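So the chains spell out like this:
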Amino acid sequence: MGPEKLTSLPNEIFSVVATYLSIGDLHALGQTCKATREFVRDEELWKVKLIAEYGRQGFFYADRLREQHPYYSWHAIFLAYQSQWKFYCADAGWGVIWRDNRCWRVTDSDESEFGKTLNLDRRFVWWLHVFRSIKIAPGRYRICWGIKLWQKAMIEGVEYTCLLADREMTNDKGQPLRSLLTSCKLGSDEINILRRSNTFCEVELGQINIPPGPEGSEWQTILVEVKEHGSMPKSGLNLDYVKLERLDSNVDDAFEKIEIRRYRKQTDLIFVSENGVISSMQYQDADTSQDNEVKDEPSATINDDGTVSYSLKSVIKSLAHEINSFNESSGMVY
């Protein structure tokens with residue numbers, strides 16, 4: 001089908017076709033001519049695509065978000081859903097065994113975007129277990145943890161697991177049983193790398209596929225956890241976040257090994273205005289970052305010409321509050 005035939009399609013049919021295209025494909029299509037650019041900027045298209053990928057539950061959260069922030073476009077909310085989901089370990093939503101001032105503590109940190117981390121440092125625990133339930137849309141995700149090990153950390157091996165709650169099967173207490181999605185244990189080589197780095201690193205621990213719920217496109221509840229139940233005392237582990245990065249369904253990059261990389265600061269993710277969405281990805285190495293302080297930002301800015309602009313970061317934060325009811329400064333932020 002040539003461009004002239006494609007542009008002759010009604011918007012309703014084009015929106016259905018677009019549900020099978022990736023974001024990259026749509027953005028590339030929008031660069032071909034003025035007519036396709038208008039198609040790609042059509043808000044109805046992104047509304048249909050959001051419903052197709054995230055179901056009625058995803059649409060419910062998005063619609064409720066637009067009631068509070070009517071200037072948020074469907075395009076921006078869809079991109080927020082597709083973005084990296086970070087859940088900060090210093091947030092109150094985590095379960096932590098031995099979380100008190102004698103063992104695990106929440107302390108200020110210039111290295112974390114959240115401004116605080118959950119750390120063990122030189123203190124000891126005999127039973128290491130940190131966990132959190134997360135409500136998330138079906139799809140394929142890359143799972144990463146923000147970790148720092150003290151140079152003299154006493155840890156033999158740490159296991160990171162992700163479990164899926166099975167609503168149709170319960171235990172004798174009526175609680176849903178959980179099936180294992182992925183499990184990965186840091187060996188001595190990875191632990192030595194983290195010790196020598198003496199800074200926070202992002203550790204990629206695999207990929208998970210979250211199937212639709214029993215009613216088709218229903219969201220699922222997963223449990224992410226860090227544990228080490230050996231007989232020796234443990235110390236020196238600091239946790240910043242767990243990140244679930246949505247993978248494009250058209251990309252097949254099979255997970256082969258644990259990846260460890262230093263932190264990097266990401267800024268200027270997106271600018272949204274009445275003229276459409278302009279994406280820009282800019283990275284800055286952590287070593288050259290001059291400002292790691294987390295600052296409160298308004299959800300939107302009114303420009304001199306009366307238009308409204310906002311960042312993808314603000315949309316992600318607002319969406320997080322709707323989905324997982326986080327506190328004011330926590331949740332899905334870059």
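Description of the structure in this document.

Calculation notes
- Residues numbered from 1 in each chain as written.
- Predicted model: local features only at pLDDT ≥ 70, side-chain atom pairs only at ≥ 80, totals over all residues.
- Heavy atoms only, no water.
- Helix = DSSP H or I, 4+ residues; strand = E, 2+ residues; numbered from the N terminus.
- Buried < 20%, exposed > 50% of the residue type's maximum accessible area, 1.4 Å probe, protein only.
- Contact = heavy atoms within 4.5 Å.
- Areas by Shrake-Rupley, 256 points an atom, 1.4 Å probe, with all protein chains shown as cover.
- Core = buried A, V, L, I, M, F, W, Y, C linked by side-chain atoms within 4.5 Å.
- 1 Å grid on protein atoms, 1.4 Å probe; cavity = no way out; pocket = protein on both sides within 12 Å on 5 of 7 lines; lining within 4 Å.
- Points joined across faces, edges and corners; volume = space filled by probe spheres on them.
- Nonpolar A, V, L, I, M, F, W, Y, C, P; charged D, E, K, R; others polar.
- Salt bridge = Lys/Arg side-chain N within 4 Å of Asp/Glu carboxyl O.

With that out of the way, let us pick up the overall build of the chain. A count of helical and extended segments in the chain gives eight helices and 18 strands. A burial count over the chain gives 48% of its 334 residues as buried. The contacts of the chain with a sequence gap of at least 6 include a subset with a gap of at least 24, amounting to 74%. Element-wise, carbon and sulfur atoms account for 48% of the exposed surface of the chain, whose accessible area totals about 16,900 Å².

Attention now goes to the nonpolar core. Note that soluble globular proteins tend to have their nonpolar side chains buried in a common cluster. Residues Y81, W104, W145, Y160, L237, L239 and L244 are the most contacted members of the largest nonpolar core, which totals 72 residues. Excluding residues within four positions of it along the chain, Y81 makes contact with L50, Y54, G58, Y61, A62, W219, L319 and I323.

With a probe scaled to a water molecule rolled over the atoms, the places where space remains empty come into view. The final tally for this structure, using the stated rule, is one cavity of 30 Å³ or more. For the largest cavity, the calculated volume is near 40 Å³. In this structure, the largest cavity is lined by I143, W145, Y160, T161, C162, T182, S183, C184 and L205. At the level of secondary structure, the elements contributing two or more residues to the lining of the largest cavity comprise strand 6 (139-149), strand 7 (158-170) and strand 8 (176-186). Residues belonging to the lining of the largest cavity are distributed by class as follows: six nonpolar, three polar and no charged.

For the rest of this paragraph, the subject is the pattern of salt bridges. Taken as a whole and judged by the stated rule, the model has nine salt bridges. In this structure, D91 engages R132 in a salt bridge whose closest nitrogen and oxygen atoms are separated by 3.0 Å. Placement of the pair is D91 in the loop between strand 1 (84-88) and strand 2 (95-96) and R132 in strand 5 (residues 128-136), with a sequence separation of 41 residues. Of the residues examined, R132 reaches a relative accessible area of 6% and is grouped as buried. Among the ionic contacts, a cluster of salt bridges with common partners joins K49, E53 and R246.

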